[in-house]
Amino acid sequence: EDLIINLDFFGKPRLQAGDLVQICIQDDESKSLYLQVKDLPLEIQPKGGTITLGTTAAQVLGISGMTNAIVRKVNIEDVTIGLTELRIKNQYIGQSDMWRLTNSLMDACVYVGKTIEFAGIRVQVDKLWRHGENVSSGAVAADSRVVFRSASAQMFVFIQVCAEITDFDSHGDQYFDKAMNGFMIDLFKKLKESECNHLATIVLFSRTYYYKAKHTDDFPTNMRGSVLKDCKGRFYEDFYNVIGEIHTESETEWARMIIKTKKSFMQHLSKANCCQEDSSVPVGTISKSFQGNFLEVINLTLNALSTNQVDLNLTMTGQSIIIVTPGVGVFEVSCDTMFASCDPVGCFVG
């Protein structure tokens, strides 16, 4: 229990089970904690005016032993939390579980670091806001928002290989090196600091145009099934190179994965028919960033996520898609592909 208190000492009915109290240290009232009074058996209630706090609650107040404290009764309207963030890790929680857990928190006190267990579900209070300010404790009411943050989600990281990827910025850094040595390393470090254990799948993707090809007969028989024609009459082919899966919690794994990604990038252009020596295959040209297969990558991921209920991983909750591109975020897509992508994206992206 977070709070064990002697109700008889504090005087019934002035203080009853279910009431909210503010506890603060007598010498430092700036640190306070809001807790809910529970009617516990007499044999475990402390004698006199002594109160007992749980280990986590005592750490929030900075109490390590016996100390003088002030106990005040408060109204729930004065300490209502506007937004509560709950952290999930190494377990699967469905939307129905989230709804039931949220309902169980109504009129209850929470504080940062508190572990909540409900129907086999274990979550931790990560952050609390009241009136736009970050607070350490408060009460959850009917108008409070409860948000679930997953620290163990399925993550897809797509890196676009295009004409600009080998260009240099104004500081002389190549964009691919900036993605690997800058963004990717900073991303994994941030996830490690947050104690996240996502399962990340890294994929290289690109689009190759065959400008000299005039007809499908210009391609070998084994290529005709993968070569498509866009609305401008240009033949193109999309390529995807799955590098592998890693757990972001392991620093050794993602360090090896970055090295493997760099090696795969050096071979990707030849695999994408951009520098082949086979005369039977038309010479391909890597696309610009805005011409890339952006929506195709999203649809490819959503197709995999649409069957996530089959062989469900019970250690992960949530999905995330990250696309790394040297472009400005504007892409040229066909209307058919755009309309076909609207419904799947609406189902999985909220």
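Residues numbered from 1 in each chain as written. Predicted model: local features only at pLDDT ≥ 70, side-chain atom pairs only at ≥ 80, totals over all residues. Heavy atoms only, no water.

Time to look at the overall build of the protein. Looking only at helices and strands, the protein has 7 helices and 18 strands in total. Every one of the 350 residues in the protein was classed for burial, and the buried ones make up 44%. Of the roughly 19300 Å² of accessible surface on the protein, 51% is carried by carbon and sulfur atoms. (Helix = DSSP H or I, 4+ residues; strand = E, 2+ residues; numbered from the N terminus. Buried < 20%, exposed > 50% of the residue type's maximum accessible area, 1.4 Å probe, protein only. Areas by Shrake-Rupley, 256 points an atom, 1.4 Å probe, with all protein chains shown as cover.)

What follows is about the layout of surface pockets. One number sums up the size of the second largest pocket: a volume of about 440 Å³. Surrounding the second largest pocket, 22 residues form its lining, Glu-1, Asp-2, Lys-38, Lys-114 and Thr-115 being those nearest its centre. Where the lining of the second largest pocket is concerned, the elements lending two or more residues are strand E3 (28-36), helix H2 (55-61), strand E7 (108-111) and strand E8 (115-118). Along the lines of polarity and charge, the residues of the lining of the second largest pocket split into 10 nonpolar, 7 polar and 5 charged. (1 Å grid on protein atoms, 1.4 Å probe; cavity = no way out; pocket = protein on both sides within 12 Å on 5 of 7 lines; lining within 4 Å. Points joined across faces, edges and corners; volume = space filled by probe spheres on them. Nonpolar A, V, L, I, M, F, W, Y, C, P; charged D, E, K, R; others polar.)

Our focus in this paragraph is the pattern of salt bridges. On inspection of all chains with the given rule, the structure shows 11 salt bridges. The salt bridge partner of Arg-100 is Asp-97, with a shortest N-O separation of 2.7 Å. Residue Arg-100 and its partner Asp-97 are both found in helix H3 (residues 95-104); the two are separated by 3 residues, about one turn of the helix. Here Asp-238 makes a salt bridge to Arg-207, at a shortest N to O gap of 2.7 Å. (Salt bridge = Lys/Arg side-chain N within 4 Å of Asp/Glu carboxyl O.)

With that out of the way, let us pick up the pairing of strand E14 (residues 199-210). Across the 12 residues of E14, 12 count as buried, placing the element largely inside the fold. Bridging between strand E13 (residues 154-160) and E14 involves 7 bridges; their strand directions are parallel. From the neighbouring strand, Phe-156 faces E14, where its bridge partner is Thr-201. Bridging between E14 and strand E16 (residues 235-247) involves 12 bridges; their strand directions are antiparallel. When the sheet's bridge partners are listed, Tyr-209 is paired in E16 with Tyr-236. Where E14 lies against strand E17 (residues 285-286), 2 bridges are found, and the strand directions are antiparallel. Note that in E17 the partner of Thr-208 across the bridge is Ile-286. (Pairing = 2+ DSSP bridges.)

This next bit is on unusual backbone geometry. With phi around 60°, Asn-90 is a residue other than glycine that occupies positive phi space. We note that Ala-119 has phi near 50°; this positive angle belongs to a residue other than glycine. Tracing the sequence through the fold places Ala-119 in the loop between E8 and strand E9 (121-130). For Ala-119, a relative accessible area of 71% puts it in the exposed group.

Tallied over the full model, the rule gives 0 disulfides. Of all cysteine sulfurs, the one in Cys-231 lies closest to Cys-335, which takes part in no disulfide; the gap is 7.7 Å. (Disulfide = S-S within 2.5 Å.)

Another point: H3. Every α-helix winds through 3.6 residues per turn, so residues three or four apart in the chain are directed the same way. Within the sequence span of H3, burial applies to Met-98, Leu-101 and Thr-102. The buried residues of H3 all sit within an arc of 100° when viewed along its axis, so they share a single face. Buried residues along H3 sit against strand E6 (83-88), E8, E9 and strand E12 (145-150). (Arc of directions from axis to C-beta. Contact = heavy atoms within 4.5 Å.)

Another point: the packing of helix H4 (residues 175-193) against helix H5 (residues 251-271). Interaxial distance between H4 and H5 falls to 11 Å at its minimum, and their mutual angle equals 160°. Taken as axis vectors, H4 and H5 run roughly antiparallel relative to one another. The handedness of the crossing between H4 and H5 comes out as right-handed. Residue-level contacts link Phe-176, Met-180, Asn-181, Met-184, Ile-185, Phe-188, Lys-189 and Lys-192 of H4 to Glu-251, Trp-254, Ile-258, Thr-261, Lys-262 and Phe-265 of H5. (Axes fitted to C-alpha atoms, helices over the stretch in contact; angles between N-to-C directions. Parallel < 35°, antiparallel > 145°, perpendicular 65-115°, else oblique. Left-handed = near helix turned anticlockwise from the far one by under 90°.)

We now examine the side chain of Thr-317. Residue position: Thr-317 is located in the loop between helix H6 (294-305) and strand E18 (319-324). A polar contact is formed between the side chain of Thr-317 and the backbone nitrogen of Ile-93, at a distance of 3.0 Å. (Polar contact = N/O pair within 3.5 Å; in protein donor to acceptor, adjacent residues only side chain to side chain.)

All right, on to the nonpolar core then. Judged by nonpolar contacts, the single largest core of 25 residues is most densely connected at Val-157, Met-184, Phe-188, Ile-202 and Ile-246. Broken down by secondary-structure element, the contributors of at least two residues to this core are E13, H4, E14, E16, H5 and E18. Here this core takes 7 residues from H4, the largest share from any one element. The residues touching Ile-202, leaving out its near neighbours within four places in the chain, are Val-157, Ile-159, Met-184, Phe-188, Asn-241, Val-242, Ile-243, Gly-244, Ile-246, Met-257 and Thr-261. One finds Leu-86, Val-110, Val-135 and Val-140 within the second-largest nonpolar core, a separate group that totals 17 residues. (Core = buried A, V, L, I, M, F, W, Y, C linked by side-chain atoms within 4.5 Å.)

Moving on: the environment of Met-155. Topologically, Met-155 is positioned in strand E13. Assessed through its relative accessible area of 5%, Met-155 is described here as buried. Beyond its immediate sequence surroundings of up to four residues, Met-155 is in contact with Leu-191, His-198, Leu-199, Ala-200, Thr-201, Ser-320 and Ile-322.

Turning to the environment of Gln-91, a few remarks are in order. Relative to the assigned elements, Gln-91 resides in the loop between E6 and H3. Residue classification places Gln-91 among the buried residues on the basis of a relative accessible area of 13%. Here the alpha-carbon distance between Gln-91 and Val-123, two residues 32 residues apart in the chain, equals 9.5 Å. Beyond its immediate sequence surroundings of up to four residues, Gln-91 is in contact with Gly-120, Ile-121, Arg-122, Val-123, Ser-152, Leu-314, Thr-315, Met-316 and Thr-317.

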